[in-house]
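Understanding the architecture of this molecule
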Amino acid sequence: MAGVSAERTGEIPADDLRVRGARALRGPNLWRLAPVVACEVATGGMAALAPAKVDGFAERLLAALPALRERGLAGGTERGAAWPEVVGAVALELQALAGSPADFVRVAPASEGDGAVLVVGYEEEELGIESVYEAAALVRECLRGAAPDAARVVEELRGVYLRAHPRPTATVLLEAARRRGIPVRRFPDDPVVQLGLGRALRRLSSAMTDLTSTIATDITSDKDRTKRVLERFGVPVPRGGVAATVDEALEIADDLGFPVLVKPLDGNDGRGISGRLDTVEELRAAWPTAAAEHPRVVVEGYAAGRDHRVLVVGGRVVAVAERVPAHLVGDGRRSVRELAEEANRDPRRDPLSTRATLRPLPLDGVTERHLARSGRTLDTVPAAGERVELRATANISTGGTAVDRTDAIHPRNAALCELAAGAVGLDVAGLDVITPDVGVPFDENGAVVIEVNASPGLRMHTHPDEGAPRDVAGAILEMLYPPGSPVTIPVIALTGTNGKTTTTRLIAHLFRRTGLRVGYTTTDGVYYQEQLLMEGDLTGPFAA
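Conventions and cut-offs
- Residues numbered from 1 in each chain as written.
- Predicted model: local features only at pLDDT ≥ 70, side-chain atom pairs only at ≥ 80, totals over all residues.
- Heavy atoms only, no water.
- Helix = DSSP H or I, 4+ residues; strand = E, 2+ residues; numbered from the N terminus.
- Buried < 20%, exposed > 50% of the residue type's maximum accessible area, 1.4 Å probe, protein only.
- Areas by Shrake-Rupley, 256 points an atom, 1.4 Å probe, with all protein chains shown as cover.
- Phe/Tyr/Trp six-rings, centres within 6.5 Å; stacked < 30°, edge-to-face > 60°.
- Arc of directions from axis to C-beta.
- Contact = heavy atoms within 4.5 Å.
- Pairing = 2+ DSSP bridges.
- Axes fitted to C-alpha atoms, helices over the stretch in contact; angles between N-to-C directions.
- Polar contact = N/O pair within 3.5 Å; in protein donor to acceptor, adjacent residues only side chain to side chain.

1. Thoughts on the overall build of the protein chain
In terms of helices and strands, the protein chain carries 17 helices and 21 strands. Taken across its 544 residues, the protein chain has 47% of its residues classed as buried. Surface accessibility of the protein chain: about 26,400 Å² in total, with carbon and sulfur atoms responsible for 50%.

Below, the structure is given as structure tokens:
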């Protein structure tokens, strides 16, 4: 997005103001213990002009970004440092408007030449770097006398932030890791996150860990295969079969007897699941939706009861949530559509917020078909207090809500869920259980386990709509790092004028003699043990 024009306006050399070499410092650094973006802000001929002396500049900048007035940094008087301060203030404001506020900015003299070193804090690395370049471009536009399109810039930066920011489950895990002092490293365009350093390094992709079995994920990606595995271990599952055509589905339904439901053999987030089907006509109508998600469709007996998600980590149940389908309650005045639109204005349902704990209530074709089963439409006005369900399934991803039931689960049910997770071989498993009451033994109330999920979502447990939040991220981290386990490795930093490389080699040699694996950097390059990995004068932060 960032770029520099050759255009100059009047006697103001706007293009002399430019950002060079922006880079992220991800750990403790010269300016701060937290990550920052450091760059050089060259000012050239602008150094002789204070921002407050440029006619109309402050007005145009404040018109584009009114909140800058509160920061008190729309002007500035120090020669050479004033413009970098303005760029830093604008960069912070752009990050805040993009949804990722930061609160640190410093300006230091450059080691040589004009301008200064600008240091800006950030939460999301890509956004932090882009915000500095875009801040300089926006300031140049104001210097040229233009009214910059700040809204367009913010929209683009918001896109950068949303693409780079981890998904909700990963966010929960990363926040928990940082609270525990576990080093965290993320890389652009890579969903895999690195925890720890050296031999203590572990990797996560959402709730999937480097302990997660590939065979187990293969099993759980096939719903019918999962049921057969669980059935062999004595876990209650619904009867059913797999169909490739609607006629095969009708044969299976005839054998099972109605009611039934259909769902794609492999799918997630509730896509393609029909809900209760009571007639041949309803099954025929539901078939295309399920078949669109996967060419093979599971047909199984409909299990009555409430939808529960049981989270098993490291072989033990750590949380249970009852999932409630997307719904609303009438007020006797507004239609279903109006009530849903009002509910979707809740910040917790903002689809563009990385902090949202709920998904928007759906107003799509699936909702219309579900409403039609009860004789309603989106324009129906429910009576005051009347509950209207918008989905047959209770997935959080389709607007459902969660109620914590961890303390209610019967010990026998917990043991059975732990057995089911072990049967498929998952270290972190989300079991979908249909039961009228999770506090009653499953064999006494007809409960069934309908699915086992790898990489289950965690937000329903950490941010339930009712009940106590559960530290499920902590349970996963304790599985990866049992109490007393190291999360990092010793790091030695040397500084000085002469003899640094020789001293480094001596230290590395001594450690190797004790049987440890050593990585080190010198003026020759980067080494692992005695193997040269990268050649060059690599003694600075990049090499480390």
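What follows picks up the thread again.
2. Some details on the packing of aromatic side chains
Taken as a whole and assessed by the stated rule, the structure comprises 2 aromatic pairs. A centroid spacing of 5.1 Å and a plane angle of 70° characterise the contact between Phe57 and Trp83, whose relative ring orientation is edge-to-face. Of the two residues, Phe57 is situated in helix H1 (residues 57-64) and Trp83 in helix H3 (residues 82-97); the sequence distance between them amounts to 26 residues. This pair shows no difference in class: Phe57 is buried, exactly as Trp83 is.

3. Quick notes on helix H12 (residues 365-372)
Among all positions of H12, only Thr367, His370 and Leu371 are buried. The arc that holds the buried residues of H12, viewed along the axis, is 100°, so those residues lie on one side. Tucked into the core, H12 has its buried residues touching helix H11 (336-343) and strand E15 (387-389).

4. Things to note about unusual backbone geometry
The linkage connecting Phe258 with the following residue, Pro259, adopts the cis geometry, with an omega of 5°. Here Pro259 is to be found in the loop between helix H9 (246-256) and strand E10 (260-264). Positive phi, normally seen in glycine, also occurs at Gln529, with a value near 55°. Here Gln529 is to be found in the loop between strand E20 (525-528) and strand E21 (531-535). Given the relative accessible area of 25%, Gln529 is considered partly exposed.

5. Digging into the sheet that holds strand E13 (residues 316-324)
Strand order in the open sheet formed by 5 strands is E16-E13-E12-E17-E18, and the pairing between neighbours is antiparallel. Each of the sheet's edge strands pairs with one partner strand only, and the pair in question is strand E16 (401-404) and strand E18 (448-454). On average, each strand axis in the sheet is tilted by 30° relative to the strand beside it, whichever way the strands run. Two strands pair when backbone bridges link them, and strand E17 (residues 428-435) and E18 are joined in this way by 6 bridges, in the antiparallel orientation. The residue of E18 that forms the bridge with Val433 is Val449. Packing against the sheet, helix H13 (residues 411-424) makes contact with strand E12 (306-313), E13, E17 and E18, and its axis sits at approximately 130° to E17.

6. A closer look at the environment of Arg69
Considering the arrangement of structural elements, one finds Arg69 in helix H2 (residues 68-71). Given the relative accessible area of 61%, Arg69 is considered exposed. Separated by 210 residues in sequence, Arg69 and Thr279 place their C-alpha atoms 65 Å apart.

7. Here we look at the side chain of Thr406
Topologically, Thr406 is positioned in the loop between E16 and H13. Using a relative accessible area of 15% as the deciding quantity, one classes Thr406 as buried. Here Val320 takes part through its backbone nitrogen, which lies 3.0 Å from a polar atom of the side chain of Thr406. Within the structure, Thr406 has its side chain in polar contact with the side chain of Arg470 (distance 3.4 Å). When sequence neighbours within four positions are dropped, the list of residues in contact with Thr406 reads Val318, Ala319, Val320 and Arg470.

8. Some details on the pairing of E21
Pairing of E20 with E21, which is carried by 4 bridges, proceeds in the antiparallel orientation. Looking at E21, one finds that Val526 is bridged to Met534. The turn joining E20 and E21, which pair antiparallel and follow one another in sequence, is formed by 2 residues; a positive phi near 55° is taken by Gln529.

9. Some details on the sheet that holds strand E11 (residues 297-301)
Pairing is antiparallel in the open sheet, where 3 strands are placed in the order E9-E11-E10. At either end of the open sheet lies a strand with only one pairing partner, and these are strand E9 (240-243) and E10. Between one strand axis and the next, the sheet turns through 25° on average, direction left out of account. When E9 meets E11, the two strands line up antiparallel, connected through 4 bridges. Pairing of Gly241 across the sheet is with Val299, part of E11.

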